[in-house]
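Results of the structural survey
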Amino acid sequence: MPYFASPADGAQLHHVDYGPADGPVAVFVNSAYLGTEMWEFQMLPLAAEGYRCVGLDRRGHGRSEDVWNGFDLDTLADDLYGLLDHLDLRAVTMIGHSVGSAEIVRCLTRHGSGRVARVALVAGITPGVVRTPDNPDGWDPAVMRAGNAAFLRDRAAFFNDPDALSGFFALDRPGNEVSPAYVRHLSDRCLVSTARASSAVQETIVTLDVAPELAKLEVPLLVVHGTHDVSAPLETTGRRAAALAPDATLKVYENAGHGLFVTHAGQLTADLREFMAG
């Protein structure tokens, strides 16, 4: 069965495992609210080409168990390492989107890089989006918490706000065409994450700052980011992450937003393929 027990507290976590068991391994780590379905345009073609593509549903997301605790970054990182250990994965390429990027960084600094060969951060929020002395252009944490409170009052409205959805995919930019049916599908999938999981992950993001940890990474890092990402602005996340990591390559996608895994799916898949081959 595609479940394993979290090493932190025994929560039952769901994972998918596509492609040949002996293929080069890519582990995909999801955005907040979404499960492994978000990676369909990367996992399916790569698995068909012989890569072993593994994805984890974060606790309270997708088909993983609905729990109250464990949404701090340490526990989420331990869950992720638990997957690597459970499947005995080695020479892994870890690929994280949005908050998934921070889970990967914390996983490496807590558990080391013995199982990991390289890391790709796709529209990541790393090092963090909140205002800090090292990130004066970040967002005000009080404003972020007020937004979280509004979110809890009506999650369905939040996930179906037309302006927010347009901004997520940067639909006003040239070439970013996403069908209304797919936009609706993704917003519906966000509502599968529980109210507790969604709000708890949001609160974790308010305090998230992994800048010192990025500087300690011992593996090659690919940073992929869009010029029009309103959820994780390029200058305060992608560029900072690439500058902090010792062995990083930054690829900037013109006109791409946070949802570049859809709008720039082919380009992202090709860049991941090239990165893994290297």
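Residues numbered from 1 in each chain as written. Predicted model: local features only at pLDDT ≥ 70, side-chain atom pairs only at ≥ 80, totals over all residues. Heavy atoms only, no water.

What follows deals with unusual backbone geometry. A cis amide bond links Thr-126 with the next residue in sequence, Pro-127, at an omega value of 0 degrees. Mapped onto the elements of the fold, Pro-127 is located in the loop between β6 (116–122) and α4 (141–153). Positioned with a positive phi, Asp-88 is a non-glycine residue whose angle comes to about 50 degrees. Counting through the fold element by element, Asp-88 comes out in the loop between α2 (73–86) and β5 (92–97). (Helix = DSSP H or I, 4+ residues; strand = E, 2+ residues; numbered from the N terminus.)

On to the side chain of Arg-118, then. Of note, Arg-118 is situated in strand β6. The buried charged residue Arg-118 lacks any salt bridge, with Asp-247 as its nearest oppositely charged partner at 9.1 Å. The residues touching Arg-118, leaving out its near neighbours within four places in the chain, are Val-92, Thr-93, Met-94, Val-219, Pro-220, Phe-275, Met-276 and Gly-278. (Buried < 20%, exposed > 50% of the residue type's maximum accessible area, 1.4 Å probe, protein only. Lys, Arg positive; Asp, Glu negative; His and termini not counted. Salt bridge = Lys/Arg side-chain N within 4 Å of Asp/Glu carboxyl O. Contact = heavy atoms within 4.5 Å.)

Time to look at the packing of α4 against helix α8 (residues 195–206). Relative to each other, α4 and α8 sit at 175 degrees, their axes nearing to 10 Å. As the angle between them shows, α4 and α8 are arranged roughly antiparallel. Between α4 and α8, the residues in contact are Pro-141, Met-144, Arg-145, Asn-148, Phe-151 and Leu-152 and Ala-195, Ser-198, Ser-199, Gln-202, Glu-203, Ile-205 and Val-206, respectively. Grouping the constituent residues of the contact of α4 with α8 by class yields seven nonpolar, four polar and two charged. (Axes fitted to C-alpha atoms, helices over the stretch in contact; angles between N-to-C directions. Parallel < 35°, antiparallel > 145°, perpendicular 65-115°, else oblique. Nonpolar A, V, L, I, M, F, W, Y, C, P; charged D, E, K, R; others polar.)

So, about the pattern of salt bridges. For the structure shown, the criterion picks out 17 salt bridges. Close ionic contact of Asp-78 with Arg-110 constitutes a salt bridge, the shortest N to O distance being 2.9 Å. Taken together, the positions of Asp-78 in helix α2 and Arg-110 in helix α3 (residues 99–111) put the pair 32 residues apart, joining distant regions of the chain. Taking the relative accessible area as the measure of exposure, Arg-110 reaches 41% and is therefore partly exposed. Here Asp-88 and Arg-115 are joined by a salt bridge, their closest N and O atoms 2.9 Å apart. One end of the pair, Asp-88, is in the loop between α2 and β5; the other, Arg-115, is in the loop between α3 and β6, and 27 residues separate them in sequence.

Take Arg-52: it is sitting in strand β4 (residues 52–56). Residue classification places Arg-52 among the buried positions, given a relative accessible area of 13%. Those residues within four positions of Arg-52 in sequence are excluded, and the remaining contacts are Asp-17, Tyr-18, Pro-20, Ala-21, Gly-23, Pro-24, Val-25, Ala-26, Leu-87 and Leu-89. For Arg-52, the side chain forms a polar contact with the side chain of Asp-17, separated by 2.7 Å. (Polar contact = N/O pair within 3.5 Å; in protein donor to acceptor, adjacent residues only side chain to side chain.)

Summed over the entire model, instances satisfying the criterion amount to 11 aromatic pairs. With centroids separated by 6.3 Å and ring planes inclined at 50 degrees, the aromatic side chains of Trp-39 and Phe-261 adopt a geometry described as tilted. With Trp-39 in the loop between β3 (25–29) and α1 (40–48) and Phe-261 in helix α11 (residues 260–263), this residue pair connects regions lying 222 residues apart in the sequence. Of the two residues, Trp-39 and Phe-261, neither departs from the other in class, the shared state being buried. In this arrangement the basic side chain of Arg-196 is found over the ring face of Trp-68, its NZ or CZ atom lying 3.9 Å from the centre. (Phe/Tyr/Trp six-rings, centres within 6.5 Å; stacked < 30°, edge-to-face > 60°. Lys NZ or Arg CZ within 6 Å of the ring centre and 35° of its normal.)

With that settled, consider the nonpolar core. Judged by nonpolar contacts, the single largest core of 86 residues is most densely connected at Val-27, Phe-28, Val-119, Phe-261 and Leu-268. Sorting elements by how many residues they give to this core places α3 first, with six residues. Ignoring any residue separated from it by four or fewer positions in sequence, one finds Phe-261 in contact with Leu-34, Met-38, Phe-41, Gln-42, His-97, Phe-168, Tyr-182, Leu-186 and Leu-268. (Core = buried A, V, L, I, M, F, W, Y, C linked by side-chain atoms within 4.5 Å.)

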